[in-house]
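Each chain is listed here by its residues.
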Amino acid sequence: MNVKLSTAKKMEVQLDTVKPYVDSALTFEELQALFDSRDIDLATLEEGVLDNASYFDRIFARCGGLADAVAEGLKEQGLDDFDLNAISCDGIEECKKTLTMKSKNLLKANFIEGMACVGGCIGGAGCLTHGAKDKMQVDKYGQEAMEKTILDAISILR
C-alpha cells in the first residue's frame, strides 16, 4: 500500500494522474489518531534503523532540503558545468513573491524550491509539533544516516 503523509497530498491523490499509484494520503495528526485508536504508544516501541537513505534523502521535510539534495545530486553526478543558483521559499507568501519576481526576470535563480508551509513540511498544518526545534531534529536525523551520499543510498536499492 502506498500512503503519503502530507496535507498537500490530500488534493494531489485526487488527480487522475496520481490515483492509480497512491491509495491514501494522511496527515501526521490522522496517523497519530490511528495509533491512538489502537492504543499504540510509539515511545514504547523498539526503534528501528532506516538504512537506505542518505542525509539528503532525510531532509526533504524542511525548507532548503530539496535544494540541498539537488546541489548534492549535481555534485555526485559530476555535473560541475551546471551553475546551480537555487532559492528556497519559506512559506506561501515567499513562494508567491519569488515566482512573481522570476516571471518579471528580476530573479537569477534557476531552481526554486517552494515550500508552502513555513519551515517546510515540518511546519505544515497536519504536523504534531512546530518550531525551530523540528528543523534541528530533521537535520540531526539526516546526520545519523549510514549512507553518506545519494548514490550510496540508491546502490542499496539495486
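Further up the page is the structure itself.
In short, a report on the structure.

## Focus on the packing of aromatic side chains
Counted under the stated rule, the structure contains one aromatic pair. Each ring, one from Tyr55 and one from Phe56, has its centre 5.1 Å from the other, and the planes form 90°; the classification is edge-to-face. Given a relative accessible area of 14%, Phe56 falls into the buried group. If you follow Arg58 out to its NZ or CZ, it ends over the ring of Tyr141, 4.2 Å from the centre.

## Section: the nonpolar core
Core analysis: the largest hydrophobic core is formed by seven residues, namely Tyr55, Phe56, Ile59, Ala69, Ile122, Val138 and Ile150. Those residues in contact with Val138 that sit more than four places away from it in its chain are Arg58, Ile59, Arg62 and Ile122.

## A look at the pairing of strand S3 (residues 86–90)
Across five bridges, S3 lies against strand S4 (residues 111–115) in parallel orientation. Bridging across to S4, Ile87 finds its partner in Ile112. Assessed by its sense of winding, the connection that carries the chain from S3 through helix H5 (residues 92–103) to S4 is right-handed.

## Comments concerning the state of the cysteines
Disulfides are covalent bonds that link the sulfur atoms of two cysteine residues. Under the criterion given, the structure shown has zero disulfides. No disulfide involves Cys63; its sulfur sits 7.4 Å from the nearest other cysteine sulfur, which is in Cys89. Among the residues examined, Cys63 registers a relative accessible area of 15% and is labelled buried. The structure places no disulfide on Cys117, whose sulfur is separated from the nearest cysteine sulfur, that of Cys121, by 6.6 Å.

## Examining a nonpolar patch on the surface
Judged by side-chain polarity, Ile40, Leu42 and Leu45 come together as a nonpolar surface patch covering roughly 250 Å² of accessible area. Structurally, the position occupied by Leu45 is in the loop between helix H2 (28–37) and helix H3 (55–58). Its relative accessible area of 47% is what places Leu45 among the partly exposed residues.

## Some thoughts on unusual backbone geometry
Positive phi values are uncommon outside glycine, yet Asp39 reaches one of about 55°. The phi angle at Asn105 is positive, at roughly 60°, despite the residue not being glycine. For Asn105, the position within the fold is in the loop between H5 and S4.

Conventions and cut-offs
Going along each chain's sequence as written, the residues are numbered from 1 onward. Local features in this predicted model are restricted to residues whose pLDDT is 70 or higher, and side-chain atom pairs enter the listing and the counts only when it is 80 or higher, whereas totals over whole chains, interfaces and linings include all residues. Side-chain calculation: all heavy atoms of the structure are included, whereas hydrogens and water are not. Paired rings are identified among Phe, Tyr and Trp, the last through its six-membered ring, by centres lying within 6.5 Å, and are further divided according to the angle between planes into stacked (under 30 degrees), edge-to-face (over 60) and tilted (the rest). Only protein chains enter the calculation, and the probe is 1.4 Å; a residue is then buried if its accessible area is under 20% of its type maximum, exposed if over 50%, and partly exposed in between. Two limits define a charge over a ring: the Lys NZ or Arg CZ must be within 6 Å of the ring centre, and within 35 degrees of the ring normal. The set of buried Ala, Val, Leu, Ile, Met, Phe, Trp, Tyr and Cys residues whose side-chain atoms join them within 4.5 Å is what this entry labels a nonpolar core. Every residue pair with non-hydrogen atoms within 4.5 Å of one another is taken to be in contact. Two strands are said to pair when DSSP picks up at least two bridges between them. Strands here mean DSSP runs of E at least two residues long; helices mean DSSP runs of H or I at least four residues long; both are numbered from the N terminus. By convention a crossover is right-handed if, when the strands point away from the viewer, the path from the first strand over the helix to the second runs clockwise. By convention in this document, the label disulfide applies to cysteine sulfur atom pairs within 2.5 Å. A patch consists of residues exposed above 30% relative accessible area that lack any salt bridge, with like charges linked at up to 9 Å and nonpolar side chains (Val, Leu, Ile, Met, Phe, Trp, Tyr) linked at up to 5 Å. For the accessible areas, the method is Shrake-Rupley and the probe is 1.4 Å, while residue cover comes only from the protein chains on display. Every case where a carboxyl oxygen of Asp or Glu lies within 4 Å of a side-chain nitrogen of Lys or Arg is listed as a salt bridge.

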